[in-house]
Structure formats: structure tokens, C-alpha cells
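Residue-level structural notes
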Amino acid sequence: MNKKKNKIYRQPLPNRFVHWGVAISIIMLIITGIGQMPVYGRYLIVQPFGTKWLTSYEITLWVHYFFAATLLFFTTYHIVYHVVTHISHLGRAEQKDFLFSFLE
Amino acid sequence: MSEKISRRTFLKRSTVASATAGILLATKTPGYAQTDKSDESMLIGSLIDLTKCDGCAAYDTPLCVTACRQKNEHRFPQPQKPIKDYWPRKKHEDWSNEKDRTDRLTPYNWTYVEKVQVNWNGETKEVAIPRRCMHCLDAPCQKLCPFGVIEKTKHGAVKIDENFCMGGAKCRTVCPWDIPQRQAGVGLYMKLAPELAGGGVMYKCDMCADLLEEGKSPACETTCPKGAIEFGPYEQIRKKAYERAKEIGGFIYGDVENSGTLTLYVSDVPFDKINEAIETKKQEENDTRFGRPHMKPEVENMLETTHGYMLATLIAPIAGAAAAGITAYKVLSGQKKKEGGDAHEQEEK
Ligand code: SF4
Ligand code: SF4
Ligand code: SF4
């Protein structure tokens, strides 16, 4: 039998979704953020294949905003998902406590 | 100028303006707020009437150019020599041996007059075009400076702080006209790591911001013998530009270009013809250096698309919350069916 077929995941799907979404967003934000400094055009003496776009302030700015949006998406997703599932596992009284704990 | 064009321009301007204003209001970051001090009711515009300017035919150097140089001389760069290359590149930008040039924009010359011949309506016309920074309403150079050293004064003048500029020249790259010019060997980077980072200081017209502050007129305006340059309250200047264009059946440059600028040129020959003439002249002279800007009509502002992406970052948290709510609901209702089964799923594919 193929190993892949019976893979057991340590983390449920929503967690993996958030983990990789956040990881990729942050890496791309760093790369394109550096691209907002006059850096790639000057120091990349050898332009590695497929990296020409990094020297365009315009393209890196678009990509930066794109991943800013995905990072915001994944972080709110994470927070809302865990708050909702956490509350729903509590009893009535505990749910009240949980909500009031934010107000205290 | 025909009714049609001004109406279309007006419509374009108002949609762009309201969309931009909405997004900026919602996203005005402290970074922007610090450097953009412009006050909409205080904006100063300028009208450059190409039917009046003769390029100062009677003088060696146009008077507006001389006046600008005299006024700003004390701020011109004094580089430490020898000037080092921009490591790891084997080049640097040095204009200090060409300080006397008045035929293009350089760190030592913030305005110049481009003179071209344009064929229009069966005649060959001499056109002289005083050029300098346009002072854009939505200025990419000011918004995108990575060090935040470009300021917009309350009058809308876009001003580079020569004491803190690192000379990365991003402002020139994002300016559709490549206006700011760089001098190596001066500025803050010389005190940091001049071998490794920084490139000098960027220089350009600052609309004589200090004179405007005192309620006086910019030097180029006061010396022009033809009254071809006029500064004044932006809305008034804009109205005047359209009236003048209508009167002569002419054209306007600067009102839609780069999403609108405070500088409005009026001409009786179309600007695409002028642009063609400039490009041809530069090609003939084999001139590929910065400092002789084009006059492409309706040149786009690179921030316009970006504003759309900024809007996306506002919507993203809402989308994230909605998606989370849906997933949580599905997972929870699935659990109910399994009656408290293990939330950690086991995927079989
Ligand atoms: S704008 Fe005035 S000062 Fe400048 S070149 Fe034209 S006529 Fe001369
Ligand atoms: S013309 Fe260029 S340098 Fe001047 S404000 Fe506009 S973008 Fe900046
Ligand atoms: S406004 Fe001042 S800085 Fe700008 S071109 Fe005129 S004289 Fe020079």
C-alpha cells in the first residue's frame, strides 16, 4: 500500500490551512517588503532566473498588498475559528464566564 | 478646449478623487500623515502658458532658469571627492563637473526649458516648454519614499529633505517623468556606510516652498518677462487654465496626467505632438540620460492600481471571519452528528 494513502495528520485541516497560509504570507511580505527598498536593483549583480519582477517597485508593491490581505485573512480566520469552536464546547455558564472574561 | 473634454476630465477626476479619498481616509497611516501636510483648501497650483513663453529668445539662458539657480544655489550639492561607486556596481551619478548645464534637469538645475519644433496644422511651430516637478496631487515619490523624507507642504509642494535623503533614487523610478536627479558623494549616507549603501541625495524643484510660506511668489514666476508662469490658489488656476484653453482652442497637460498635478500647461498645439518632438530630438541627440522628461498625454499613476489592493486589505479580515464562521459551523455540526467524536480528523485519500 502506498504510504501517502493512509497518512495521519497531526493537525486538523483548518490548522494546516492557517499554518501554511500564514507562513507563505509572511515570507512573501518579507521578500516584497525588502523590494520596497532600493535593494534588489543594486545588489543583485547576477539576476537569478525568474526574479526580474523583484526589481519593479510597482509589482512588488502589488504583491506586498496581496499578501498583506492574505495574512489578515488567515489571522482573523484563526482567531474567529478558535473562539467559536472553543465557546461551543463550553456549557452555558462557562460560555458566559468566557465572554465576560474579556470585559473584566 | 471643448465642453466634452472638460466634462470627461471632470468625471474621471471626481471618481478617482472620491475613490482615493475614501481609501486614504480609511488607511491613512501615521507614515503618510506625518509627511503629507497638504490642506485641500490651501493648495497652490501653477499655470504655464506655452503660447506666452518664447524660451527667452533674447537671452542666453531663460530667465526662469537663472532665477531658480540663483535662488537655490546655496542648497546645491558639494560632494566629497573622489566619489565612490555604488558597490557592487561600477558606476555612480555625478553631475558636479557639469554644474553649468542649463539644458536639462540636474541636481544643480531644477528647471530647464525644452525647445522643439512641432508640425501642426500645416505649420512648423517653435515651442518652448519650461519643465520641472509637476507637484502631483497623489505623488508616488512622496508616498513611496522608503525613508519618509519627502514632504508635502500645506500648499501641496512636494519637497525632498536633502539632509535625510539616502539617494536610493526610488522617487525617480516611481515618478512618471523621472524628475528628481541624483548627486553622489553628499548627504547622510556618507556618514553611515558610503561604500555599501545609499547613493547620494535627490534634488528637484520644491515650488519655492519657503517663499510660498511667506506669502511670496516663486522665483521663476517673478522673473518671467512674458508672464508665462503663474502660481495661485489651485482651483482658481485650474479654472483659468480651462478658460484659456477654450479661448485659444488649445490643450491642457497635467490635469489628468499621473492622476492630476498642481501644474497645468496650456498650449495651442496638442501635447502628443510636443511629446513626439521631444522624443525625436532626444533620439537624434542620442540622449538617454535622465533629466529631459517626456510629455506623454494621460500618463498613468502607478498608485492607482495599488489603491485597489489597499482596499483588499480592508476586506480581508471580514472575509477571514466569514470563512472561519462557516468552517466552524461545519465542523461543529459534523461533531454533533458524531456525538462528540474526535475533532482531529483522519484523512484518507
Ligand atoms: S517661462 Fe518666461 S522666463 Fe521662462 S523661458 Fe519662458 S519666457 Fe523665459
Ligand atoms: S512630478 Fe515626479 S517628482 Fe514631482 S511630485 Fe510628481 S512624482 Fe514626485
Ligand atoms: S518654483 Fe522655485 S524651485 Fe521650482 S522651478 Fe520655480 S524657482 Fe525653481
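So, a few notes on the structure that sits alongside this text. Note that the structure is a prediction, hence the values are computed from the model and not measured.

Side note on the site of ligand 1
The environment of ligand 1 is made up of Cys53, Asp54, Gly55, Cys56, Pro62, Cys64, Val113, Pro130, Cys224, Pro225, Lys226 and Ile229 of chain B. Class assignment of the residues belonging to the shell around ligand 1 gives a composition of nine nonpolar, one polar and two charged.

Brief notes about unusual backbone geometry
Where the residue is not glycine, phi is negative for most of them; where a peptide bond is considered, it is trans in most cases. All names here are of chain B. Of the consecutive residues Lys81 and Pro82, the connecting peptide bond is found in the cis state with omega at 0°. With respect to the element layout, Pro82 can be found in the loop between α3 (63-72) and β2 (112-120). The linkage connecting Trp87 with the following residue, Pro88, adopts the cis geometry, with an omega of 0°. Tracing the sequence through the fold places Pro88 in the loop between α3 and β2.

Focus: the sheet that holds strand β1 (residues 44-49) of chain B
All names here are of chain B. On the basis of which strands lie adjacent, the open sheet formed by four strands has the order β8-β1-β10-β9 and mixed pairing. Each having just a single partner strand, β8 (229-233) and β9 (251-253) make up the two edges of the open sheet. Adjacent strand axes in the sheet meet at a mean angle of 25°, parallel and antiparallel pairs treated alike. Judged from the four bridges that link them, β1 and strand β10 (residues 263-267) form a sheet pairing that is parallel. Within β10, the residue paired with Leu47 across the bridge is Leu264. Sheet strands in contact with helix α9 (residues 271-284) are β9 and β10, and its direction is about 95° off that of β10.

Side note on the side chain of Arg132 of chain B
Residues and elements named next belong to chain B. Mapped onto the fold, Arg132 is located in the loop between β3 (123-131) and α4 (140-144). The buried charged residue Arg132 lacks any salt bridge partner; its closest oppositely charged side chain belongs to Glu221, at an N-O distance of 8.9 Å. Polar side-chain contacts of Arg132 include one of 3.1 Å to the side chain of Thr263. Setting aside chain neighbours within four positions, we find Arg132 in contact with Ser46, Ile48, Leu105, Trp110, Thr111, Ile179, Cys205, Phe231, Thr263 and Tyr265.

So, how was this worked out
Throughout this description, residue numbers start from 1 for each chain and increase along the sequence as written. Whichever chain is written first is A, and whichever ligand is written first is 1; the rest continue in order. The model is predicted, so local features are restricted to residues of pLDDT at least 70 and side-chain atom pairs to those at 80 or more, both for listing and for counting; the totals for chains, interfaces and linings are taken over all residues. To get the side-chain values, take all heavy atoms of the structure and skip hydrogens and water. Summary of the distance rule: residues count as near a molecule or strand when at least one heavy atom falls within 4 Å of that molecule or strand. The residue classification treats Ala, Val, Leu, Ile, Met, Phe, Trp, Tyr, Cys and Pro as nonpolar and Asp, Glu, Lys and Arg as charged. All others, Gly included, are polar. A run of H or I in DSSP becomes a helix once it reaches four residues, and a run of E becomes a strand once it reaches two; helices and strands are each numbered from the N terminus. Two strands qualify as a pair provided that DSSP identifies no fewer than 2 bridges between them. In this analysis an axis means a line fitted to C-alpha atoms, helices contributing only their contacting stretch, and an angle means the value between N-to-C directions, from 0 to 180 degrees. Any two residues having at least one pair of non-hydrogen atoms within 4.5 Å are treated as being in contact. Type-normalised accessible area, obtained with a 1.4 Å probe on protein chains alone, sets the label of each residue: buried when under 20%, exposed when over 50%, and partly exposed for intermediate values. The sign given to each residue is positive for Lys and Arg and negative for Asp and Glu; His and the chain ends receive no count. In the sections that follow, a salt bridge refers to a side-chain nitrogen of Lys or Arg positioned within 4 Å of a carboxyl oxygen of Asp or Glu. Counting of polar contacts relies on pairs of N or O atoms within 3.5 Å, with two restrictions inside protein: one atom must be capable of donating a hydrogen and the other of accepting it, and residues adjacent in sequence are counted only when both atoms are side-chain atoms.

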